[in-house]
Amino acid sequence: MEKSAASLRSIDKIVFDPFLTDPITCLKRCESALKRGATRVGTIYKKSGNTTLLITTFKEGQVIVEKEVNIEGIDAKLLTDNVNQSDIFKNVDSFTEKLAPQLLKAGIEVSAFNIKLQDTGTRFSTTSTSGQVVIAAFSFLSPTYFDLCCQYKGKDLVYYSSTKAGPLRHSGDVVTDNRLLHTLSLEGSDIGSEITPFITGYKGTPLRRFEEHRPVVVVVDHTTKELVVVRVPLDQATLGDNTLCAPLVGRLGDRGTIYWEVLTNACVGTGSVPSLTAASRASLERARNSTPDLATFERSIQQMNSHSDPVPTSQLDASALQTDDQHRHVSLKKRTSSATRHS
């Protein structure tokens, strides 16, 4: 076990996502972190029933598997959370049903939308027209809750009581049946600008306390009629006692397009709006600076649509990994309810 712990300490980044189950996707996530400057990146999967750490690095321009280490016995809470895919779908389904009237007022008829779970380390695009909701988040109010916020162009913040920055508009608090809904919309556009959505625990509540809430950020695509769900990581290695998490970054394109990247390593920090710590602002700035330019985003989306070649799998044993449908769609049902800040 000493060797396992030493292997963990030798890694710059750990890419963990419970939905990474096929070898090609695992290596692509590692490649993304390596390209951001990490020297050695690990990812975790099950091999022959054992929890295995896969350590990757770059060699001659390619991702290679440096070694595989059995980490059975390492406290799983350091690397994983207890959230699974089914829990997330059920939670999003439940919230959207309860908040259907409020979402309808915001231009989202939930019965017409499907849910799509988006992997970490991936890029995608959404489209909307001026005034439509582009991002949503929801939380139970009791015993405490988290807020959806967004940074615009690396400086201005929008949140429940400061609702405008550039084209960004925040809904303020929308409350129904002990549930809090926050949405962000765009009035017009500012092509090329970066936006960084994030959540913060109310009054500095550590986000790990919201494990039962299954916190996510939902990105709305009005053209494909999809609610694209980006999960907030809750494992101790990523989150610790932090109160802020930005799981993705976006860049505004033309014709209502927004390009998104789900961060391989989510941006975390402390404090809550408007009193973010200097470290949190620096963390958000790093996330913003990692946002690809428009040309890079457009190429990525084109390559994805044309089925680009996968990353070499090197020594990875593909048969050791279980497969899963990582883009399962769930039909939503419309229901009724009604709607005032909870202190």
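Residues numbered from 1 in each chain as written. Predicted model: local features only at pLDDT ≥ 70, side-chain atom pairs only at ≥ 80, totals over all residues. Heavy atoms only, no water.

S.K.: Quick one: what's the story with the overall build of the protein, residue by residue and with numbers?
M.R.: For the protein, the helix and strand inventory stands at seven helices and 20 strands. If you sum the accessible surface of the protein, you get close to 15000 Å²; carbon and sulfur atoms cover 45% of it. (Helix = DSSP H or I, 4+ residues; strand = E, 2+ residues; numbered from the N terminus. Areas by Shrake-Rupley, 256 points an atom, 1.4 Å probe, with all protein chains shown as cover.)

S.K.: Account for empty space enclosed by the protein, with residues named and values stated.
M.R.: A volume near 40 Å³ is recorded for the largest cavity. Around the largest cavity sit T96, L103, I108, A136, F138, V218 and L227, which together line it. Grouping the constituent residues of the lining of the largest cavity by class yields six nonpolar, one polar and no charged. (1 Å grid on protein atoms, 1.4 Å probe; cavity = no way out; pocket = protein on both sides within 12 Å on 5 of 7 lines; lining within 4 Å. Points joined across faces, edges and corners; volume = space filled by probe spheres on them. Nonpolar A, V, L, I, M, F, W, Y, C, P; charged D, E, K, R; others polar.)

S.K.: Quick rundown of helix α7 (residues 294–305)? Include the residues and the values.
M.R.: With 12 residues, α7 extends 17 Å between its outermost C-alpha atoms, agreeing within 8% with the 16 Å of an ideal straight helix rising 1.5 Å per residue. Buried within α7 are the following residues: F297, S300 and I301. The arc enclosing the buried residues of α7, seen along the axis, measures out at 95 degrees, which places them on a common side. Buried positions along α7 lie against β6 (123–127), β17 (244–252) and β18 (257–269). (Expected span 1.5 Å × (residues − 1). Buried < 20%, exposed > 50% of the residue type's maximum accessible area, 1.4 Å probe, protein only. Arc of directions from axis to C-beta. Contact = heavy atoms within 4.5 Å.)

S.K.: Break down the pattern of salt bridges for me, with residues and values.
M.R.: Counted under the stated rule, the structure contains six salt bridges. One salt bridge in this structure joins R288 and E194, with 3.3 Å as the shortest N-O distance. With R288 in helix α6 (residues 278–289) and E194 in strand β14 (residues 194–201), this pair connects stretches of sequence that are 94 residues apart. Classification of E194 as buried rests on a relative accessible area of 12%. Each of the salt bridges in this network shares a partner with another, and the network as a whole consists of E194, R251, E285 and R288. (Salt bridge = Lys/Arg side-chain N within 4 Å of Asp/Glu carboxyl O.)

S.K.: Go over unusual backbone geometry, please, and point to the residues and values.
M.R.: Here the residue pair S142 and P143 is connected by a cis peptide bond, since its omega of 5 degrees sits within 30 degrees of zero. Mapped onto the secondary structure, P143 falls in the loop between β7 (133–140) and β8 (146–152). Its identity as a non-glycine residue notwithstanding, K225 has a phi of 60 degrees, on the positive side. Looking at the secondary structure, you find K225 in the loop between β15 (216–221) and β16 (226–231). Its relative accessible area of 36% is what places K225 among the partly exposed residues.

S.K.: Tell me what's going on with the environment of V228, and back it up with residues and numbers.
M.R.: Within the element layout of this structure, V228 appears in strand β16. Between the C-alpha atoms of V228 and Q118, which are 110 residues apart in sequence, the distance is 6.3 Å. Other than its neighbours up to four places away in sequence, V228 contacts K116, Q118, F124, V217, V218 and V219.

S.K.: Tell me about the packing of aromatic side chains, residues and numbers included.
M.R.: This structure, assessed with the given rule, holds seven aromatic pairs. Between Y145 and Y202, the aromatic rings sit 4.5 Å apart at their centres with planes inclined by 15 degrees, giving stacked as the arrangement. One end of the pair, Y145, is in the loop between β7 and β8; the other, Y202, is in the loop between β14 and β15, with 57 residues separating them in the sequence. Judged by relative accessible area, Y145 falls into the buried class, the value being 2%. An angle of 70 degrees between the planes, with centres 5.6 Å apart, marks the rings of Y159 and Y160 as edge-to-face. On the accessibility criterion, Y159 (11% relative accessible area) is buried. Overall, the relative accessible area of 22% leaves Y160 in the partly exposed class. Grouping aromatic residues by their ring pairs yields a cluster made of F95, F138 and F140. (Phe/Tyr/Trp six-rings, centres within 6.5 Å; stacked < 30°, edge-to-face > 60°.)

S.K.: Lay out the nonpolar core with the relevant residues and their values.
M.R.: Ranked by size, the top nonpolar core spans 31 residues in total, and within it I195 and W260 carry the most contacts. Taken together, the elements giving at least two residues each to this core come down to β7, β8, β13 (179–186), β14, β15, β16, β17 and β18. Counting 22 residues, the second largest nonpolar core, distinct from the first, contains I88, V92, L103 and V216. (Core = buried A, V, L, I, M, F, W, Y, C linked by side-chain atoms within 4.5 Å.)

S.K.: With reference to specific residues and values, describe the pairing of β15.
M.R.: With six of its six residues buried, β15 lies for the most part within the structure. Along β15, one buried face is formed by V216, V218 and V220 and the opposite face, lined by V217, V219 and D221, is buried too. In the sheet, β15 pairs with β16 via six bridges, with the strands oriented antiparallel. By the bridge assignment for β16, V216 is matched with R231. (Pairing = 2+ DSSP bridges.)

S.K.: Can you break down the environment of G256 residue by residue, with the values?
M.R.: Of note, G256 is situated in the loop between β17 and β18. When near neighbours in sequence (up to four residues on either side) are disregarded, G256 contacts T126, T127 and S128.

S.K.: So what's going on with α6? Residues and values would help.
M.R.: With 12 residues, α6 extends 16 Å from end C-alpha to end C-alpha; this agrees with the ideal 16 Å at 1.5 Å per step. Here α6 has its buried residues at S280, S283, L284 and A287. One side of α6 carries all its buried residues, which in axial view fall inside an arc of 95 degrees. Exposed residues pointing more than 90 degrees away from the buried face of α6 are listed as A278, A279, R286 and N289.

S.K.: Could you give me a rundown of the state of the cysteines, with the residues and numbers involved?
M.R.: On inspection of all chains with the given rule, the structure shows zero disulfides. Free of any disulfide, C150 has its nearest neighbouring cysteine sulfur in C149, separated by 8.8 Å. (Disulfide = S-S within 2.5 Å.)

Taken by themselves, the reported measurements are silent on function.
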